[in-house]
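Below are the chains, spelled out letter by letter.
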Amino acid sequence: MTLFDLTGKTALITGSSGGLGYAMAKGLAEAGARVIVHGRNTEKLEQARQALAEARHDVLVTSFDVTDEAAIERALADLDAQGIDIDILVNNAGIQLRKPLVETSHEEWQKVLDTNLSSTFLMGRHVARRMIARGQGGKVVNIGSLMSSVARPTVGAYTAAKGGVRLITQSMAAEWAEHGIQANAIGPGYMITEMTQPLVDKPEFNDWIINRTPARRWGTPDDLVGTVVYLAAPASNFVNGQIIYVDGGLLSVI
Ligand code: GCO
Ligand code: CA
């Protein structure tokens, strides 16, 4: 088994019918994993499945609300019934809300925290219980953000949630490392996706990113592939509770 070979492993990536999630699913498949693509939009999900199947990858799909624990349990029970074990869980599903805190309603706050943070707890809880029972270890990769450690105006709920992703990752490491499970996080910088396209289209924001990022460019979803394969592979078997920022150097330079 080479350090980066995922052959024989099954990876479930939440929110993977497009954007960062799809790029990570494709990268994990290219490293040999069977991938379970997840999303709520069945049309986008089918397109993702077809694209991966045409590239001759072993791909399955599943669709459920990551904030609905009963739906999660049903989806995982369905995989159990097919004898499918999840070896690698990538908690990627998330939403953004760009609004000043003083204008953010409690409902809006709750939805962002549920989708971006509670989902990671719920998926982690139900998958780790299976990994621990199976006794073969496993990998959990939680997708945080630059906002797991720094803030900017108007993304307060998202930032609080992504800060929580960083610390729930450390909590997972604290409790699950002894079971051979490595739980780590990735903190994507400013990557071009549907979520950030409105920012790319704003000349003043785009200029700020180019000048503020040492690499002088936006990231692309493919910039995450190497890091997610590393954290899903034997190469990271003694790495736990870490967050790796894939941000072109932005966080390291004032
Ligand atoms: C924003 C962006 C960021 C990025 C990403 C950066 O409005 O500032 O949406 O939050 O999405 O999370 O790491
Ligand atoms: Ca297996």
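The following paragraphs examine the structure supplied in this document. Sequence positions are assigned chain by chain, starting from 1 and proceeding in written order. Chain labels run from A onward and ligand labels from 1 onward, assigned in the order the entries are written. pLDDT decides what is reported in this predicted model: residues at 70 or higher carry local features, side-chain atom pairs at 80 or more are listed and counted, and totals for whole chains, interfaces and linings draw on all residues regardless. Side-chain measures were taken over the full set of non-hydrogen atoms in the model, leaving aside hydrogen atoms and water.

When we say a residue is near a molecule or strand, we mean one of its heavy atoms is within 4 Å of it. Ligand 1 sits among 14 residues. The nearest are Arg98, Arg152, Tyr158, Pro188 and Tyr190. Distance and chemistry together define a polar contact, namely a pair of N or O atoms within 3.5 Å, with one atom able to donate a hydrogen and the other to accept it when in protein, and with adjacent residues in sequence counting only for side-chain atoms on both sides. Within the backbone of Pro188, a nitrogen or oxygen atom sits 2.5 Å from an oxygen atom of ligand 1. Tyr190 is positioned with one of its side-chain polar atoms (N or O) 2.7 Å from an oxygen atom of ligand 1. Per-residue and other accessible areas follow the Shrake-Rupley method at a 1.4 Å probe size, with only the shown protein chains counted as cover for residues. Here ligand 1, which alone exposes 330 Å², has 97% of that area covered by the protein.

Before going further, it helps to spend a moment on the pattern of salt bridges. By salt bridge we mean one thing: a side-chain nitrogen of Lys or Arg within 4 Å of a carboxyl oxygen of Asp or Glu. In the structure shown here, the tally under the stated rule is 10 salt bridges. Ionic pairing is found between Glu194 and Lys44, a salt bridge with its closest N-O pair at 3.4 Å. Taken together, the residues Glu194 in the loop between strand E6 (181–188) and helix H6 (197–200) and Lys44 in helix H2 (residues 42–54) connect sequence positions 150 residues apart. Each residue gets one of three labels from its accessible area relative to the maximum for its type: buried under 20%, exposed over 50%, partly exposed in between, using a 1.4 Å probe on protein chains only. Residue Glu194 is classed as exposed on the basis of its relative accessible area of 69%. By relative accessible area, Lys44 is classed as partly exposed at 27%. Residue Glu69 is joined to Arg125 by a salt bridge in which the shortest nitrogen-to-oxygen separation is 3.0 Å. Of this pair, Glu69 sits in helix H3 (residues 69–81) while Arg125 sits in helix H4 (residues 106–134); the two residues are 56 residues apart in sequence, bridging distant segments of the chain. Here Arg125 falls in the partly exposed class, since its relative accessible area comes to 31%. Each of the salt bridges in this network shares a partner with another, and the network as a whole consists of Asp85, Asp87 and Arg134. Each helix is a run of DSSP H or I of at least 4 residues and each strand a run of E of at least 2, with the numbering of both proceeding from the N terminus.

The next thing to look at is the side chain of Lys139. Tracing the backbone through its elements, the reader meets Lys139 in strand E5 (residues 138–143). In this tally, Asp and Glu contribute negative charge and Lys and Arg positive charge; neither His nor the terminal groups of the chain are included. Asp87 is the oppositely charged side chain nearest to the buried, salt-bridge-free Lys139, at an N-O distance of 11 Å. A distance of 2.8 Å separates a polar atom in the side chain of Lys139 from a polar atom in the side chain of Asn237. If we skip the residues at most four places from it in the chain, Lys139 touches Asp87, Ile88, Leu89, Met131, Gln182, Leu231, Ala232, Ala233, Ser236 and Asn237. Between two residues, a contact is recorded if the distance between any of their heavy atoms is within 4.5 Å.

Backbone geometry at Thr154 places phi at a positive 80 degrees, although glycine is not the residue there. Here Thr154 lies in the loop between E5 and helix H5 (156–176). Taking relative accessible area as the criterion, Thr154 reaches 32% and is therefore assigned partly exposed. The backbone of Arg216 shows a phi angle near 55 degrees, a positive value even though the residue is not glycine. Locating Arg216 in the fold gives a position in the loop between helix H7 (203–212) and helix H8 (225–232). For Arg216, a relative accessible area of 48% gives the class partly exposed.

Time to look at the pairing of strand E2 (residues 34–38). With four of its five residues buried, E2 lies for the most part within the structure. With its strands directed away from the observer, a crossover is right-handed exactly when the path from the first strand over the helix to the second travels clockwise. Crossover connection from strand E1 (residues 10–13) via helix H1 (residues 19–30) to parallel E2: handedness right-handed. A pair of strands is labelled paired if DSSP reports no fewer than 2 bridges between them. Both E2 and strand E3 (residues 59–62) contribute to a ladder of four bridges, which runs parallel. Opposite Ile36, over in E3, you have Leu60 as the bridge partner. On the question of chirality, the crossover connecting E2 to the parallel E3 by way of H2 is right-handed.

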